[in-house]
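# A closer look at the structure
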Amino acid sequence: MQQPYQHEESASGSTRILVVDDDPTVAEVVAGYLDRAGYVVDRADDGPTALDRAAAHWPDLVVLDLMLPGMDGLEVCRRMRGHGPVPVIMLTARGDEDDRILGLEVGADDYVTKPFSPRELVLRVESVLRRSRPATTGARLGAAGLTVDPAARRAAKNDTELALTLREFDLLSYFLRHPGRAFSREDLMREVWGWDFGDLSTVTVHVRRLRGKVEDDPARPRLIQTVWGVGYRFDPTGSTGEETGS
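Within every chain, residues take consecutive numbers counted from 1 along the sequence as written. Given that the model is predicted, a residue must reach a pLDDT of at least 70 before its local features are reported, and side-chain atom pairs must reach 80 or more before they are shown or counted; all residues, however, enter totals for whole chains, interfaces and linings. Processing note: side-chain calculations cover all non-hydrogen atoms of the structure and skip hydrogens and water entirely.

Attention shifts here to the environment of aspartate 109. Along the polypeptide, aspartate 109 turns up in the loop between α4 (97–105) and β5 (110–114). Each residue's exposure class comes from its accessible area (1.4 Å probe, protein chains only) as a fraction of the maximum for that residue type: buried when under 20%, exposed when over 50%, partly exposed otherwise. Taking the relative accessible area as the measure of exposure, aspartate 109 reaches 0% and is therefore buried. A C-alpha to C-alpha distance of 7.9 Å links aspartate 109 and methionine 90, two positions 19 residues apart in sequence. By the convention used here, residues are in contact when the closest approach between their heavy atoms is within 4.5 Å. Not counting residues up to four positions away in its chain, the partners in contact with aspartate 109 are Arg81, Val86, Pro87, Val88, Val128, Thr165, Leu166, Arg167 and Trp193. What counts as a helix is a DSSP run of H or I of at least four residues, what counts as a strand is a run of E of at least two, and both are numbered from the N terminus.

In structure tokens:
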């Protein structure tokens, strides 16, 4: 088994961002905005170089273009996640919904469609980093064999640790804090992602991924239930009803 890369902070203790894009103009603009926002920025223009940069200095977050020469962003994301947890914001072409869904499926925490506002990207980076930091306070949560420790950012099912992405962890925590309550996808996007608008398929994909990790039978979910015409509800009793489904 490969050993996790070592996390190295910069000498100043600043947050390190790895920007991976084969378009030099995009990479330069993004790196410039992030640098002015106070981040230490590494750059790579292809997948192998990105993995080498990460091995040398493990980033706090990766801004990753989906379309890269030789090795696409999905494979880069998979390989990085094989070495350790790291938040990823995927850059995708506008209109490529299937590609965005694939990015979320492999664990990207957010995505931004091209062309985009560099200022918006910086705000997304700040949002993802803020949510990725361990909580300084917060009681442990638990129900239906699931436990969440917000301070340690660790979750388990029947005492077996779960490998959750940043958003999956936040989503499970939110469900555990509000058992029995139905939420729309808009509610979850606002409360868990911190967005007042966005592509609601983001929520759908993350619910599906989370079910795959916490349900005994993800095809017949009993804990994270669909409430038709509304959204989703966490039911710690695992009961079923006519209004719920997969």
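Turning our eyes to something else, we now look at the pairing of strand β8 (residues 154–157). Of the pairings in the sheet, the one linking strand β7 (residues 146–149) to β8 comprises four bridges and is antiparallel in character. By the bridge assignment for β8, valine 148 is matched with alanine 155. By the bridge criterion, two bridges tie β8 to strand β9 (residues 160–161) in an arrangement that is antiparallel. Residue lysine 157 lies in a different strand from β9, and its bridge partner there is threonine 160. At least two bridges found by DSSP between two strands is the condition for calling them paired. Linkage of β8 to β9, two consecutive antiparallel strands, is achieved through a turn of two residues, within which asparagine 158 is found at a positive phi near 50°.

Below, the discussion takes up the pairing of strand β4 (residues 88–93). Taken across its six residues, β4 has five buried, putting it largely inside the fold. Sheet analysis places strand β3 (residues 61–65) next to β4, joined by four bridges and oriented parallel. Bridged to valine 62 within β4 is valine 88. Note that the unit made of β3, helix α3 (residues 73–83) and β4 has a crossover that is right-handed. Here β4 pairs with β5 via five bridges, running parallel. If you follow leucine 91 over to β5, its bridge partner there is valine 112. Convention used here: a crossover is right-handed provided that the path from the first strand, over the helix, to the second strand proceeds clockwise when the strands point away from the viewer.

Moving on: the sheet that holds β3. With parallel pairing, the five strands of this open sheet are ordered in space as β2-β1-β3-β4-β5. Lying at the two open borders of the sheet, with one neighbouring strand each, are β2 (40–44) and β5. Neighbour-to-neighbour, the strand axes of this sheet turn through a mean angle of 20°, independent of strand direction. Where strand β1 (residues 16–20) and β2 come together, five bridges link them in parallel fashion. Pairing of leucine 18 across the sheet is with aspartate 42, part of β2. Convention adopted: a line fitted to C-alpha atoms gives each axis, helices being fitted over their contacting stretch, and angles between N-to-C directions are expressed from 0 to 180 degrees.

pLDDT is a residue-level measure of predictor confidence that goes from 0 to 100. Looking at the protein chain, pLDDT values average 83 and 83% of them are 70 or higher. Low pLDDT, under 50, characterises residues 1–13; the predicted model gives this stretch 18 contacts beyond four residues in sequence or across chains.

What follows concerns the pattern of salt bridges. Salt bridges are identified by distance alone: a Lys or Arg side-chain nitrogen within 4 Å of an Asp or Glu carboxyl oxygen. With the rule as written, the count across this model stands at 16 salt bridges. For the salt bridge of aspartate 21 with lysine 114, the shortest nitrogen-to-oxygen distance reads 3.1 Å. Taken together, the positions of aspartate 21 in the loop between β1 and α1 (24–36) and lysine 114 in strand β5 put the pair 93 residues apart, joining distant regions of the chain. In the salt-bridge network here, residues are joined through shared partners; they are Asp21, Asp65 and Lys114.

Further remarks concern unusual backbone geometry. Cis peptide bonds are those with omega within 30 degrees of zero, and the linkage from lysine 114 to proline 115 qualifies with -10°. Relative to the elements of secondary structure, proline 115 occurs in the loop between β5 and α5 (118–132). Backbone geometry places arginine 153, a non-glycine residue, at a positive phi of 50°. Mapping arginine 153 onto the fold places it in the loop between β7 and β8. One non-glycine residue, asparagine 158, lies in positive phi territory at about 50°. Looking at the element boundaries, asparagine 158 is found in the loop between β8 and β9.

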